[in-house]
Amino acid sequence: MKTITYAALFLTLVQCGTKHDQIFKNVFPYLITEDYLSDGIQNETIFLDTLTKGIYLTVVQDLGGLFVQNIKISDLESSGIPFEKIREMALKNLETSLSEQNVKMMQFADGPNDTPFVLVGGHWLASSSIYGEKMFMNLSKVLDNDSLYFSIPHRDALIVFPKCEEQTLSEFKKMIKEKESDGRKKLTWQILLWTKEGFFEK
């Protein structure tokens, strides 16, 4: 088992001190499920991206560690902050948090059928870290493969491993369910493909 520090892999991005940054200095990207979108909330939810069917990227404000609060479309309208600006701010804050090692990354060499994998966890930003600017490039180097599978069973976990045969993939699915079934804020058991072109359903 080997610890991977984001700071050793990525350039630290410096936040600008603009008025908008001060208003929403603690905004971050955040993955949610379709179940989250109840009546009323859906109309106010900011959608930054659709990862796969039923899994969406939105933006939240960090309230100091364990708790976050969604930022609504009406919040943007009242503050005058454009959509692209809030997206830029959220992704920039993600980079800063990763560079400060708030999200832990552990490399394991002894996964199913001796397949290596990386576990990203220890923080509510873990699943959203797939949106880190250079995350794919560096994980593909660590895992020595330019086609990766990944799982986001819940908010606080991301498991990444090289594209593999069906038998090995089945063993990974079994392992992930055994280890991550008790995680908070469930997302999906689906395994997705990750390449330099983006995210794809397997």
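Given the structure is predicted, the values throughout are model-derived calculations rather than measurements. (Residues numbered from 1 in each chain as written. Predicted model: local features only at pLDDT ≥ 70, side-chain atom pairs only at ≥ 80, totals over all residues. Heavy atoms only, no water.)

Engineer: Describe the overall build of the chain, naming the residues involved and giving the relevant values.
Structural biologist: Helix and strand counts for the chain come out as seven helices and eleven strands. Across the 202 residues of the chain, 49% fall into the buried class. In the chain, 68% of the contacts between residues at least 6 apart in sequence involve partners at least 24 apart. Accessible area of the chain: about 10500 Å², with a carbon and sulfur share of 48%. (Helix = DSSP H or I, 4+ residues; strand = E, 2+ residues; numbered from the N terminus. Buried < 20%, exposed > 50% of the residue type's maximum accessible area, 1.4 Å probe, protein only. Contact = heavy atoms within 4.5 Å. Areas by Shrake-Rupley, 256 points an atom, 1.4 Å probe, with all protein chains shown as cover.)

Engineer: Lay out the nonpolar core with the relevant residues and their values.
Structural biologist: Of all hydrophobic cores here, the largest spans 43 residues; its most connected members are Leu51, Phe150 and Trp194. Mapped by element, the contributors of at least two residues to this core are strand 2 (27-33), strand 4 (55-62), helix 5 (83-99), strand 7 (117-121), helix 6 (135-143), strand 8 (148-151), strand 9 (157-162) and strand 10 (191-195). In contact with tryptophan 194, not counting residues within four places along its chain, are Ile130, Met135, Phe136, Leu139, Asp146, Ser147, Leu148, Phe150, Val160 and Phe199. (Core = buried A, V, L, I, M, F, W, Y, C linked by side-chain atoms within 4.5 Å.)

Engineer: Which residues make up the pairing of strand 7, and what values do they have?
Structural biologist: Across the five residues that make up strand 7, a large majority, four, are buried. Of the strand pairs in this sheet, strand 6 (residues 104-108) and strand 7 are connected by five bridges, and their pairing is antiparallel. Following the sheet pairing, glutamine 107 is matched in strand 7 by valine 118. Where strand 7 and strand 9 come together, four bridges link them in antiparallel fashion. (Pairing = 2+ DSSP bridges.)

Engineer: Go over helix 6 with me, naming the residues and quoting the values.
Structural biologist: Those residues of helix 6 that sit buried are Met135, Phe136, Asn138, Leu139, Ser140 and Leu143. Just downstream of helix 6, aspartate 144 is the residue with a positive phi angle, here 55°.

Engineer: So, the packing of aromatic side chains: which residues are in play, and what are the values?
Structural biologist: The geometry of an aromatic ring pair comes down to the distance between the two centres and the angle between the two planes. With the rule as written, the count across this model stands at twelve aromatic pairs. Both rings, one in tyrosine 149 and one in phenylalanine 161, keep their centres 5.9 Å apart while their planes meet at 70°; by these two values the pair is edge-to-face. Here tyrosine 149 is found in strand 8, whereas its partner phenylalanine 161 is found in strand 9, with twelve residues between them in sequence. A relative accessible area of 4% means that tyrosine 149 is categorised as buried. (Phe/Tyr/Trp six-rings, centres within 6.5 Å; stacked < 30°, edge-to-face > 60°.)

Engineer: Mind laying out the pairing of strand 4, listing which residues take part and the relevant values?
Structural biologist: The element strand 4 is extensively covered by neighbouring structure, given that seven of its eight residues are classed as buried. Pairing of strand 2 with strand 4, which is carried by seven bridges, proceeds in the antiparallel orientation. Across the sheet, proline 29 pairs through a bridge with valine 59, a residue of strand 4. Where strand 3 (residues 49-52) meets strand 4, three bridges bridge the pair, whose relative direction is antiparallel. Looking across to strand 4, one finds that threonine 50 is bridged to tyrosine 56. Note that strand 4 and strand 5 (residues 68-70) share three bridges and pair antiparallel.

Engineer: Which residues make up helix 5, and what values do they have?
Structural biologist: Across its 17 residues, helix 5 extends 25 Å between first and last C-alpha, which sits within 8% of the 24 Å expected from 1.5 Å per residue. When you tally the buried positions in helix 5, you get twelve out of 17 residues, the bulk of the element. Residues Lys85, Ile86, Met89, Ala90, Lys92, Asn93, Leu94, Glu95, Thr96, Ser97, Leu98 and Ser99 constitute the buried set of helix 5. Just downstream of helix 5 lies glutamine 101, where phi reads positive at about 65°. (Expected span 1.5 Å × (residues − 1).)

Engineer: Lay out the side chain of threonine 188 in plain terms, naming residues and giving numbers.
Structural biologist: The topology assignment puts threonine 188 in the loop between helix 7 (166-180) and strand 10. The exposure class assigned to threonine 188 is buried, which follows from its relative accessible area of 15%. In this structure the side chain of threonine 188 is engaged in a polar contact, spanning 3.0 Å, whose partner is the backbone nitrogen of glutamine 190. Every residue in contact with threonine 188, bar those within four places of it in the chain, is listed here: Ile55, Ser151, Ile152 and Pro153. (Polar contact = N/O pair within 3.5 Å; in protein donor to acceptor, adjacent residues only side chain to side chain.)

Engineer: Would you mind going over unusual backbone geometry in detail, with residue names and values included?
Structural biologist: The phi angle at aspartate 144 is positive, at roughly 55°, despite the residue not being glycine. Locating aspartate 144 in the fold gives a position in the loop between helix 6 and strand 8. Accessibility expressed as a relative area gives 68% for aspartate 144, which makes it exposed.

Any link to function would need more than the numbers given here.
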